[in-house]
Amino acid sequence: TGQMDMGEPGTYVMLRQRQRAMAVHEEYIYRETTWMSDTWMERDSNSDILRAARGDVLLVGLGIGMCAVAMCRKPEVTSVTVLELEPEVIWLVAPAIAHPKLRVVQADGWHPPLRGRRFDVIYVDIWHDLCVDNWVDIKTLCRKYRSFARTGGLVTAWNKEHVKYLVSAGRWR
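What you see is a predicted model; the values in this text were computed from it and never measured.

Student: Can you lay out the packing of aromatic side chains for me, pointing to particular residues and giving the numbers?
Tutor: The full count for this structure, using the stated rule, is 1 aromatic pair. Ring geometry for Tyr-145 against Phe-148: centres 5.8 Å apart, planes inclined by 50°, an arrangement best described as tilted. Of the residues examined, Tyr-145 reaches a relative accessible area of 0% and is grouped as buried.

Shown next as structure tokens:
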């Protein structure tokens, strides 16, 4: 419970990664990076893809499973396949979100094991922050995943249009 950056008071679920940042006098200083949460900002920034979800869906990145759960609940979604790089994330999250439509695969999103598979909606969400530094990766991955989309399928990434706007407006960090 508490006040979130750009958010409202409440109780939220967060997935954080703790990394050793540096050694100071033989002790380590750690920093934590929030990879996913269910704050209002996260929900809002994923609302377009949740509305568009239909048929067979591929998610690249599991996070806390918020998108996967919401998509599994939609009657117009047939299946949800998630590629997640980190086995610890799968171990932590997958049992809590089990659903008959859901399949979680431990795999690197840059090298998807999807030969012959086709999806109606593909959503790449592997970045912990929203910044123009992600633009090259967003374009590259969306191009890569286009080959796994059915004719007329949607391939996009978390906040792709916003990052594209920031890049075109010259708003670098």
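Student: Lay out the pattern of salt bridges in plain terms, naming residues and giving numbers.
Tutor: Side chains that differ in sign of charge can pair as their charged atoms come close. Taken as a whole and judged by the stated rule, the model has 5 salt bridges. A salt bridge links Arg-150 to Asp-56; the nearest nitrogen and oxygen atoms lie 2.9 Å apart. Note that Arg-150 is positioned in strand β7 (residues 149–157) and Asp-56 in strand β3 (residues 55–60), a separation of 94 residues in sequence. Looking at Asp-56, the relative accessible area reads 15%, which means it is buried. Between Arg-150 and Asp-120 there is a salt bridge, and its shortest N-O distance comes to 2.8 Å. One end of the pair, Arg-150, is in strand β7; the other, Asp-120, is in strand β6 (residues 119–124), and 30 residues separate them in sequence. Looking at Arg-150, the relative accessible area reads 33%, which means it is partly exposed. Among the ionic contacts, a cluster of salt bridges with common partners joins Arg-54, Asp-56, Asp-120 and Arg-150.

Student: Give a detailed account of the confidence of the model for the protein, specifying residues and quantitative values.
Tutor: Looking at the protein, pLDDT values average 80 and 65% of them are 70 or higher. Low pLDDT, under 50, characterises residues 1–7; the stretch is placed with 14 contacts to residues that sit more than four places away or in other chains.

Student: Please set out the nonpolar core residue by residue, giving values where relevant.
Tutor: Val-57, Leu-59, Ala-68, Met-71, Val-80, Val-82 and Leu-102 are the most contacted members of the largest nonpolar core, which has 19 residues in total. At the level of elements, β3, α3 (66–72), β4 (77–84), α4 (87–93) and β6 are the ones that each hand at least two residues to this core. It is α3 that contributes the most residues to this core, 4 residues altogether. In this structure Met-71 touches Ile-49, Leu-50, Ala-53, Val-57, Leu-59, Val-77 and Val-80, once residues within four positions along its chain are discounted. With 18 residues, the next largest nonpolar core counts Val-60, Val-124, Leu-141 and Val-155 among its residues.

Student: I'd love a proper account of the side chain of Asp-120, names of residues and values included.
Tutor: Overall, the relative accessible area of 15% leaves Asp-120 in the buried class. Looking at Asp-120, its side chain comes within polar contact range of the side chain of Arg-150, at 2.8 Å. Residues contacting Asp-120, with those up to four places away along its chain left out, are Arg-54, Gly-55, Asp-56, Arg-150, Gly-153 and Leu-154.

Student: So what's going on with the pairing of strand β5 (residues 102–106)? Which residues, and what values?
Tutor: Sheet analysis places β4 next to β5, joined by 5 bridges and oriented parallel. Its bridge partner lying in β5, Glu-84 is registered against Gln-106. This β-α-β element, β4 to α4 to β5, shows right-handed connectivity.

Student: I'd like a description of the sheet that holds β5, backed by residues and values.
Tutor: Reading across from one edge, β5-β4-β3-β6-β7 is the order of the 5 strands in this open sheet, with parallel pairing throughout. In this open sheet, the two edge strands, each paired with only one partner strand, are β5 and β7. Shown here is a sheet whose adjacent strand axes are inclined to one another by a mean of 15°, direction ignored. Sheet topology note: the β3/β4 ladder contains 6 bridges and is parallel. Bridge pairing in β4 places Gly-55 opposite Val-77. Sheet contacts for helix α5 (residues 135–146): β3, β4, β6 and β7; angle to β7, the most-contacted strand, approximately 160°.

Calculation notes
- Residues numbered from 1 in each chain as written.
- Predicted model: local features only at pLDDT ≥ 70, side-chain atom pairs only at ≥ 80, totals over all residues.
- Heavy atoms only, no water.
- Phe/Tyr/Trp six-rings, centres within 6.5 Å; stacked < 30°, edge-to-face > 60°.
- Buried < 20%, exposed > 50% of the residue type's maximum accessible area, 1.4 Å probe, protein only.
- Salt bridge = Lys/Arg side-chain N within 4 Å of Asp/Glu carboxyl O.
- Helix = DSSP H or I, 4+ residues; strand = E, 2+ residues; numbered from the N terminus.
- pLDDT = per-residue confidence, 0-100.
- Contact = heavy atoms within 4.5 Å.
- Core = buried A, V, L, I, M, F, W, Y, C linked by side-chain atoms within 4.5 Å.
- Polar contact = N/O pair within 3.5 Å; in protein donor to acceptor, adjacent residues only side chain to side chain.
- Pairing = 2+ DSSP bridges.
- Right-handed = clockwise from strand over helix to strand, strands pointing away.
- Axes fitted to C-alpha atoms, helices over the stretch in contact; angles between N-to-C directions.

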